[in-house]
Every structure is written in C-alpha cells, then in structure tokens.
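# Residue-level structure breakdown
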Amino acid sequence: MAGILYWVGFFIAASFLFFSLDDLFWDFYYYFLGRRRVQHRLRVEELDRVPRRLIAILIPAWNEAEVIGAMLENLLRSINYPLALLHVFVGVYPNDAATVEAVQKLSERYPQVHAVVNPREGPTSKAQNLNQVFDFILRFEREKHLRFGCFIIHDAEDVIHPTSLKLANYLCRQYEVVQLPVFPLQVYPTWRTFFPYLTASTYADEFAENHYRGLLAREASGAVVPSAGTGFVIAHSVLDKLGTGKIFDEESLTEDYKLSLRFAQFGIATHFFL
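First things first, this report covers the structure right here in the doc. (Residues numbered from 1 in each chain as written. Predicted model: local features only at pLDDT ≥ 70, side-chain atom pairs only at ≥ 80, totals over all residues. Heavy atoms only, no water.)

## Re the pairing of strand β6 (residues 232-235)
On β6, burial covers both faces: Phe 232 and Ile 234 on one face and Val 233 and Ala 235 on the other are all buried. Pairing analysis gives four bridges linking strand β4 (residues 150-153) to β6, with the strands arranged antiparallel. Bridging across to β6, Ile 153 finds its partner in Phe 232. Judged from the three bridges that link them, strand β5 (residues 177-179) and β6 form a sheet pairing that is antiparallel. Following the sheet pairing, Gln 179 is matched in β6 by Phe 232. (Buried < 20%, exposed > 50% of the residue type's maximum accessible area, 1.4 Å probe, protein only. Helix = DSSP H or I, 4+ residues; strand = E, 2+ residues; numbered from the N terminus. Pairing = 2+ DSSP bridges.)

## Some thoughts on the nonpolar core
Ranked by internal contacts, the top residues of the largest apolar core, which has 38 residues, are Ile 57, Ile 59, Leu 72 and Val 90. Secondary-structure elements contributing two or more residues to this core are β1 (55-60), α4 (65-78), β2 (86-92), α5 (97-109), β4, α7 (164-171) and β6. Non-local contacts of Leu 72, meaning those with residues more than four positions away in its chain, are made with Ile 59, Val 88, Val 90, Leu 106 and Val 113. (Core = buried A, V, L, I, M, F, W, Y, C linked by side-chain atoms within 4.5 Å. Contact = heavy atoms within 4.5 Å.)

## Topic: α5
Across its 13 residues, α5 extends 19 Å between first and last C-alpha, which sits within 8% of the 18 Å expected from 1.5 Å per residue. Residues of α5 that are buried: Thr 99, Val 100, Ala 102, Val 103 and Leu 106. Projection of α5 onto a plane perpendicular to its axis shows the buried side chains occupying an angular sector of 165 degrees, all on one side. Opposite the buried face of α5, by more than 90 degrees, sit the exposed residues Ala 97 and Glu 108. (Expected span 1.5 Å × (residues − 1). Arc of directions from axis to C-beta.)

## Concerning the sheet that holds β5
Spatially, seven strands are ordered β3-β2-β1-β4-β6-β5-β7 in an open sheet, and the strand pairing comes out mixed. With one partner strand each, in any of the chains shown, β3 (113-117) and β7 (270-272) form the two edges of the open sheet. Shown here is a sheet whose adjacent strand axes are inclined to one another by a mean of 25 degrees, direction ignored. Packed on one face of the sheet, α5 meets β2 and β3 and runs near 150 degrees to β3. (Axes fitted to C-alpha atoms, helices over the stretch in contact; angles between N-to-C directions.)

## Notes on the state of the cysteines
A disulfide bridge is the covalent bond that connects two cysteines by way of their sulfur atoms. Summed over all chains, the structure comprises zero disulfides. The thiol of Cys 150 is not disulfide-bonded; the next cysteine sulfur, from Cys 172, is found 4.2 Å away. Residue Cys 150 is classed as buried on the basis of its relative accessible area of 1%. For Cys 172, a relative accessible area of 10% puts it in the buried group. (Disulfide = S-S within 2.5 Å.)

Shown next, in the form of structure tokens:
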C-alpha cells in the first residue's frame, strides 16, 4: 500500500512540474526577449490630446449589494473622465432585490448608472449576464441616437484606476481589443494573516505574476493574449464586425478566455498594455 501511495504521489508531483513548463517558458521569454520588445511609455499629456468619446462600463452583479454601491461611488467620484461621456450598465437579476435596490438608488443620484434587469432569475453564467447587458446597450444606443466608442468590462468589487478610462479611450483608437493590467488587493502578510489567507494569496500572487510578466511576454511574442474577464476593453467596431451583442459563450465557465480565442479566429487580436 505504501508503495502505491508513493508512486501515485510521485505521478501527481511530476504532473505538476510538467504542466508548469509553459509558465517557465513565458518567464524565460519575458526576461530575455519580452522586456526589450514591449516599450509602453505614455504620459498623461498624450492621453489628454485625444478627443473624448462615449464609454460604457459593464458590470455583472449577483448578490453584490454589499459592495456595488461603494464600488460605483468610488468610480464616479474618482474617475478622471467627463461623467457626461460615461455610462455604467449593471447587470442584475429580478430575484436579487438587494442588489437591484442598491443600483437603482445610485441611478436616482447619477443618471450615468443603469440597472439592466435580466429576464432570467439568477444566478446564470457571467457570459449570459454580459450578453444581456450588451443587448440592452445596443437598444439604448438606438433609442438615444448615440454610439459608444468602447466598452469596458469590470467586476463589482473592482477598484478602477482614475486614469484607466483615458487610457482605454486612447488605446481603442489603435487597437480593437485591449486587456488592461489587473492586480489583486491583498491583506498585508503577517504571521497572523498568513495561514487564513494562504489560498487566496496564492491565487492572487499567480494572477499578479501573470499580469506583470506572462501577458507581457505573450504580447511581445504575438501569441493570443487571454482576457482576464475584468479590465477588458472592446471597441465598438468589434460588435459591428460580429453583427451581434451576444459575444460570449453562455455555456462556458471560462467565457473570458474563450472570447479571446474567438476574437483571434476572426483576426481580432487582444493587446495587453502595462
């Protein structure tokens, strides 16, 4: 029995090492080639020279009543972009009254905030929620006779950088799809917080490493850059090309990665900017 457990453990450990080789490849590529090829240097003054366009932010929300109000308040108070050119569409569900109420209260104070009530009870997939929000926005455009320059997908717990909308407005004139860097906010590690946050911190560290090195290396090599599902910018021209607002695979649990692959199949590259 001990021998069987030994070889099972050995096989599992070897599998972990083998399936980590791709991460090692991107680390080497970043250090030896990637950093030289990626030269992203922009000043705020350059962003200010570009004419402002309408921007839509999409936020899927299920049971987010505790955070969505503070998140939107922080966004609308801190964002360095004209509020008249910003609309926030929050996808909510009819059986999530607390979240609906929180968004509707904000919409009474801020005309830029819109609650998009899903026709189905939640929770559904994030992909289905976002598809419904995109459909609503396209109808909103037709009714109001306006057109958004780009769409930015965020999560309900995001802290959005004040300059990110200026950057998205600038980059979407050069690229049709852009993944902005996303870094997790973590509790400062101490002996007291180390073990309670061990799992979350491991995931956060992996995510941060991916956005600090991995995606930069993929961008520099010309490989497909996967969407993170948040901080994801899509130019309106993409929806024009696809001819629909239902761009996500509603049956997929990795709808963000799958969307990037779908874009690549259509010849639409996702660019990463750090």
